[in-house]
Amino acid sequence: MMGCASSIHISDRVVYHSGKESEDSQNCGHTRPSARQSPLTEVQFGPMKLYEDQLQVLLVFAKDDAQSGGFSWACERAGFRCNVARTPEAALESFQEKSHDLILIDHRHARGFDAEALCRSIRAVSCSHNTVIVAVVKRPDREEATVMPLISAGFNRRYVENSNMMACYNELLQLHHGEIRAQIKLRACNAVFTALEQSQEAIEISNEDQIIQYVNPAYECIMGYQRGELLKENTEVPKSEKNKPDLLDNISSCIHRGKEWQGVYYAKKKNGDSVQQNVKMTPVVGQGGKVRHCVSVNRPLNDHNKTEKPCERVQAESQTDIQQFSKHKDRRKGSLDVRSTTSRGSDAGSSQRRHSSMARIHSMTIEAPITKVINIINAAQESSPMPVAEALDRVLEILRTTELYSPQLGTNEEDPHTNDLVGGLMTDGLRRLSGNEYIFASKQVHHIPSHLTTPLSLNDIPPCIAQTMENEDSWDFDIFSLESATMKRPLLFLGLKIFSRFGVCEFLNCPEATLRSWLQILEANYHSSNSYHNSSHAADVLHATAYFLCKERVKQSLDPIDEVAALIAAAVHDVDHPGRTNSFLCNAGSDLAILYNDTAVLESHHAALAFQITTRDDKCNIFKNMERNEYRTLRQAVIDMVLATEMTKHFEHVNKFVNSINKPLAALEENEGSGDEDSVKNILTAPENRMLVKRMLIKCADISNPCRPLELCVEWAGRISEEYFAQTDEEKQQGLPVVMPVFDRHTCSIPKSQISFIDYFITDMFDAWDAFADLPNLMQHLDNNFKYWKGLDEQKLRSLRPPE
Ligand code: 5GP
Ligand code: MN
């Protein structure tokens, strides 16, 4: 009995998915005594949790017979409450009192009561549309009459007489899990509609062809339309001519891809006025995974003074609230589904593609507080008088600077005390005015094995190696061929070639022999035993960095010293990587974690060690001949970039880049077509923006594997997975916490791990980087690779490649 009672409370999910549970509930029904309390069943309906009461059934049978007995027994067994009415009058009375979920009406006897008339009378009672009505009919000799008269009378279906108890019981079960459940959910829709009707925000629902299907009273009030006139004939969403045509294209392409769009948009009021609104449009996916509806929530931007009373609270100020409605995980999932079904980039022109990258940036899912602040101020500016708007401009300028909490030191600060205090207390090691390098025990430094020190010149690189590097300026360059041709010394050879292409030696005023020694000792300090973080990864990041440096926008932004810093940072950025993550080192209490206080442990070490091995020996000191100030600037830039590869700051770097660079550039382009040259140049070359470009550049280079041609991407995925597996093995062996339990070599799905990595870190970052630097080939590879992993995952494969 106890067991039975608890199994009644099975959730919707269990009912559908576990045959065993349903069996149990049937058995329970069977043995339950007739005097039972009403059990509540949970029914999940979208984000709502509904409770289904004990079902109320009404049997309308003029007299008891085997058929009515069968249904009574079936109700008993299913645990439904059952009333029996003998006459239409009694039936109506009972229904008005109890509003049954299900009514079964005897329709077998022409001489009894008129079942169809009874059904019509019941349907005339208000709210009877939530009741399922079934006609119990005679078994026809031949199936020749249609059920249409029954449907017209208001019946939902017919039951061909069969008094077998199991047949009656099965019929009730089907009705319960089919039509009755659906009615319960439809009833809940009334609550949702009420919420929409009460909302202060103007809400509009359209179908996939932008035909309006619903607007709420707030919408009527703000826009001046009556709902009736919008729903009357296939009315399209009213559009204002004030919107740029490609804005509308962007929005509709966003929605059709299943992506949310958020931004400022002109809507047309009934009186012809255009009203600027902050709009959030969310696609709703229906049958076939296609976008079937679009929900748009609108807040007027600048005319809250003019709107009538009930809408007064609709203000731009509460803008941030909207974002809390959607959890970004869910939205990302939506975008993911779309990515797998559309091929973006392949069929569109480059500028259209970059526009859609920008559109995605506008709806960027991982929204930092600072982004919200900037959006609010932008909205407030719209309705502010000139002096306020200008003051807010200056506020924005400050908010957009990269170091909000570090006072910017003037070069000739008046008071030396202030200078020292600020310099000594308020800034970190990177900005300290006098050097303070760490001293390392020499055992940490690898020396070059003597057989590898044979100097070679760029001119006498072995032909087989030179050949593998011929297309090093192409994105599709195969680093793994170089890895084998050089017997795992790709950094030396690719470094020589790329540094020479960029004139690094000339810039540093250093002999080529010094560069060679430097690359050699640097490469020797990468661990060839790591499957991922070895010198091939460094060479790969150097390659991507050089590739990005050749992009027009990047060239416009960076100075020669930035380029040199970027190339050096790429080459050194993972030096002496132990093949374990920061969290592992912290958990294990390693010397490095102790030294760096568990903070950016590896990145700090890579940067510090890079300078140590460079400067400890003149033979490989590429900075030796640099002018002191220039060296400090270069050093600062290298350190900043290496530290930027730390992943805990990933979203900070990406968000700052989008806010300070993508968005201002997009605003310029929107205002004056291609944007006036000087303003663009100002944005690109402001020192703090150059820093953001450099950080973004090395970050993108560092995790560009998913944008490489498929074969390279797959190889890298195999290597990083293997390195993580080895870490998990060691954690288990040493009884350390397992940092990433999914990376267990016995259970890991590599496709799933790649899908998550791309979805969480890569997509938004490369959308932003592509919008800036224009990288159609990378985005195409990313798309292909993503589909590749999705394909494997859909086949439930966990391996790197499909089986032969
Ligand atoms: P790096 O240590 O290479 O400078 O920083 C890149 C970070 O991204 C590292 O933490 C690395 O483990 C991680 N990473 C790179 N590629 C992948 C990948 O394909 N999957 C996952 N999960 N992490 C990756
Ligand atoms: Mn790296």
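All of these numbers come straight from a predicted model, not from anything done at the bench.

**Q** When you look at the overall build of the chain in this model, what are you seeing that I'm missing?
**A** A tally of regular secondary structure across the chain gives 35 helices and 12 strands. Out of the 804 residues belonging to the chain, those deemed buried represent 50%. Relative to all contacts within the chain whose residues are 6 or more apart in sequence, the contacts with residues 24 or more apart total 69%. For the chain, the exposed area adds up to about 38,600 Å²; of that, 52% sits on carbon and sulfur atoms.

**Q** Where do I start with the sheet that holds strand 8 (residues 202-207) in this structure?
**A** Each strand in a sheet pairs with its neighbour through backbone hydrogen bonds, running either in the same direction (parallel) or in the opposite one (antiparallel). Spatially, 9-8-12-11-10 is the arrangement adopted by the five strands of the open sheet, whose pairing is antiparallel. With partners counted over all chains shown, the strands left at the sheet margins are strand 9 (212-215) and strand 10 (261-268), one partner each. Along the sheet, successive strands turn relative to each other by an average axial angle of 30 degrees, direction set aside. Note that strand 11 (residues 274-285) and strand 12 (residues 291-300) share nine bridges and pair antiparallel. The residue bridging Val279 from the neighbouring strand is Asn298, located in strand 12. Of the strands in this sheet, strand 10, strand 11 and strand 12 are in contact with helix 11 (residues 245-256), which crosses strand 10 at around 130 degrees.

**Q** Would you explain the sheet that holds strand 3 (residues 56-60) in this entry?
**A** Across the sheet, five strands lie side by side as 4-3-5-6-7; this open sheet has parallel pairing. Either end of the sheet is taken by a strand with one partner, and the two such strands are strand 4 (81-85) and strand 7 (157-160). Adjacent strand axes in the sheet meet at a mean angle of 20 degrees when their direction is disregarded. With four bridges connecting them, strand 6 (residues 132-137) and strand 7 associate as parallel partners. Paired with Ala135 across the bridge in strand 7 is Arg158. Lying over the sheet, helix 8 (residues 165-198) contacts strand 5 (102-106), strand 6 and strand 7, oriented at roughly 175 degrees with respect to strand 7.

**Q** Looking at this structure, how should I read the site of ligand 1?
**A** Around ligand 1, a shell composed of 14 residues is seen, among which His533, Asp574, Asp702, Tyr724 and Gln754 lie nearest. Within the side chain of Asp702, an N or O atom sits 2.7 Å from an oxygen atom of ligand 1. For ligand 1, an oxygen atom lies 2.3 Å from a polar atom in the side chain of Tyr724. If ligand 1 stood free it would expose 500 Å²; the protein chains cover 88% of that surface. Residues of the shell around ligand 1, tallied by class, amount to six nonpolar, six polar and two charged.

**Q** Please clarify how the UniProt feature "binding site: Zn(2+) 2" (unreviewed entry) in the chain should be interpreted in this entry.
**A** Per the UniProt record, "binding site: Zn(2+) 2" (unreviewed entry) is found at Asp574. By secondary structure assignment, the location of Asp574 is in the loop between helix 25 (560-572) and helix 26 (582-587). Ignoring any residue separated from it by four or fewer positions in sequence, one finds Asp574 in contact with Tyr526, His533, His537, His606 and Asp702.

**Q** Hey, could you run me through the nonpolar core in this one?
**A** Considering soluble globular proteins, one finds that nonpolar side chains tend to be buried as a cluster. Trp518, Phe548, Ile568, Phe766, Trp769 and Trp789 are the most contacted members of the largest nonpolar core, which has 115 residues in total. Take this core: its biggest share by element is 11 residues, from helix 34 (residues 750-773). Setting aside residues no more than four positions away along its own chain, Trp789 makes contact with Cys713, Val714, Ala717, Ile750, Pro751, Gln754, Ile755, Ile758 and Leu800. Listed in part, the 24 residues of the second largest apolar core include Phe71, Val132, Tyr159 and Ala167.

**Q** Explanation requested: the packing of aromatic side chains in the structure shown.
**A** Here a ring pair, both rings aromatic, is described through the centre-centre distance and the interplanar angle of the planes. One pass over the full model with this rule turns up 23 aromatic pairs. Centroid distance Tyr760 to Phe761: 5.1 Å. Interplanar angle 85 degrees. Geometry classified as edge-to-face. Classification of Tyr760 as partly exposed rests on a relative accessible area of 29%. A cation over a ring is seen here: Arg635 above Phe611, with NZ or CZ 4.6 Å from the ring centre. Note that Arg719 overlies the ring of Trp716, its terminal NZ or CZ placed 5.6 Å from the centroid.

**Q** What exactly am I supposed to notice about the packing of helix 23 (residues 535-549) against helix 25 here?
**A** The packing of two helices is summarised by the inter-axis angle and the distance between the axes. Close contact between helix 23 and helix 25 brings their axes to 7 Å; oriented N to C, the two are set at 160 degrees. Here helix 25 runs roughly antiparallel to helix 23, going by the angle between their axes. In this structure, helix 23 crosses over helix 25, and the sense of that crossing is right-handed. On the side of helix 23, the interface is formed by Ala538, Val541, Leu542, Thr545, Ala546 and Leu549, while helix 25 contributes Glu563, Ala566, Leu567, Ala570 and Ala571.

**Q** Help me understand the environment of Val554 in this model?
**A** Inspection of the secondary structure puts Val554 in helix 24 (residues 552-557). For Val554, a relative accessible area of 1% puts it in the buried group. A sequence separation of 218 residues divides Val554 from Phe772, and the C-alpha atoms of the two residues are 8.3 Å apart. Residues within four places of Val554 in sequence aside, it is in contact with Phe548, Leu549, Leu697, Trp769, Phe772 and Ala773.

**Q** Could you clarify how one ought to interpret the coordination of the manganese ion (ligand 2) in this entry?
**A** Under perfect tetrahedral coordination by four donors, a metal shows angles of 109.5 degrees; under perfect octahedral coordination by six donors, it shows angles of 90 or 180 degrees. In the first shell of the manganese ion (ligand 2), the protein supplies His537 (NE2), His573 (NE2), Asp574 (OD) and Asp702 (OD), at 2.1 to 2.2 Å from the metal. One chain supplies every donor to the manganese ion (ligand 2), and in sequence these donors are spaced H-x35-H-D-x127-D. A residue pair is termed long-range when its members are at least 10 positions apart, and Asp574 in the loop between helix 25 and helix 26 and Asp702 in helix 32 (residues 687-702) qualify at 128 residues.

**Q** Explain a negative patch on the surface here, please?
**A** There is a patch of like negative charges on the surface, built from Glu390, Asp393, Glu397 and Glu688. In terms of residues, the negative patch owes the most to one element, helix 16 (residues 386-400), which gives three residues. Within the secondary structure, Asp393 sits in helix 16. Given the relative accessible area of 41%, Asp393 is considered partly exposed.

**Q** Could you clarify how one ought to interpret the pattern of salt bridges in this entry?
**A** Once the charged atoms of two side chains with opposite charge are near each other, the side chains can pair. Applying the stated criterion to the full structure yields 34 salt bridges. The shortest N-O distance in the salt bridge between Glu161 and Arg108 comes to 3.4 Å. You can see Glu161 sitting in the loop between strand 7 and helix 8 and its partner Arg108 sitting in the loop between strand 5 and helix 6 (115-124), a full 53 residues away along the chain. For Arg108, a relative accessible area of 10% puts it in the buried group.

**Q** I would appreciate a short explanation of helix 35 (residues 776-794) in the present structure.
**A** Owing to its 3.6 residues per turn, the α-helix aligns residues three or four sequence positions apart on the same side. Taking 1.5 Å per residue, 19 residues should reach 27 Å; helix 35 reaches 27 Å between its end C-alpha atoms and fits that length. Directly beyond the C-terminal end of helix 35, a positive phi value near 60 degrees is found at Lys796.

**Q** I would appreciate a short explanation of the UniProt feature "binding site: Zn(2+) 1" (unreviewed entry) in the chain in the present structure.
**A** UniProt's feature table lists "binding site: Zn(2+) 1" (unreviewed entry) at His537, His573, Asp574 and Asp702, given in the numbering used throughout. Annotated residues spanning 166 residues; largest pairwise C-alpha distance 9.8 Å, indicating a single compact cluster. Here His537 is to be found in helix 23. Those residues within four positions of His537 in sequence are excluded, and the remaining contacts are Tyr532, His573, Asp574, Asp702 and Trp716. Given the relative accessible area of 10%, Asp702 is considered buried. Sequence-distant contacts of Asp702, defined by excluding residues within four places in its chain, comprise Tyr532, His537, Val541, His573, Asp574 and Thr645. Within the local environment of Asp702, its side chain forms a polar contact with the side chain of His537, the two groups lying 3.1 Å apart.

So, how was this worked out
Residues numbered from 1 in each chain as written. Chains lettered and ligands numbered in written order. Predicted model: local features only at pLDDT ≥ 70, side-chain atom pairs only at ≥ 80, totals over all residues. Heavy atoms only, no water. Helix = DSSP H or I, 4+ residues; strand = E, 2+ residues; numbered from the N terminus. Buried < 20%, exposed > 50% of the residue type's maximum accessible area, 1.4 Å probe, protein only. Contact = heavy atoms within 4.5 Å. Areas by Shrake-Rupley, 256 points an atom, 1.4 Å probe, with all protein chains shown as cover. Pairing = 2+ DSSP bridges. Axes fitted to C-alpha atoms, helices over the stretch in contact; angles between N-to-C directions. Near = heavy atom within 4 Å. Polar contact = N/O pair within 3.5 Å; in protein donor to acceptor, adjacent residues only side chain to side chain. Nonpolar A, V, L, I, M, F, W, Y, C, P; charged D, E, K, R; others polar. UniProt positions renumbered as here; feature names shortened; annotations may be inferred. Core = buried A, V, L, I, M, F, W, Y, C linked by side-chain atoms within 4.5 Å. Phe/Tyr/Trp six-rings, centres within 6.5 Å; stacked < 30°, edge-to-face > 60°. Lys NZ or Arg CZ within 6 Å of the ring centre and 35° of its normal. Parallel < 35°, antiparallel > 145°, perpendicular 65-115°, else oblique. Left-handed = near helix turned anticlockwise from the far one by under 90°. Donors = N, O, S within 2.8 Å, 3.2 Å for Na, K, Ca; no water. Patch = residues over 30% accessible without salt bridge, like charges linked within 9 Å, V, L, I, M, F, W, Y side chains within 5 Å. Salt bridge = Lys/Arg side-chain N within 4 Å of Asp/Glu carboxyl O. Lys, Arg positive; Asp, Glu negative; His and termini not counted. Charge placed at Lys NZ, Arg CZ, Asp CG, Glu CD. Expected span 1.5 Å × (residues − 1).

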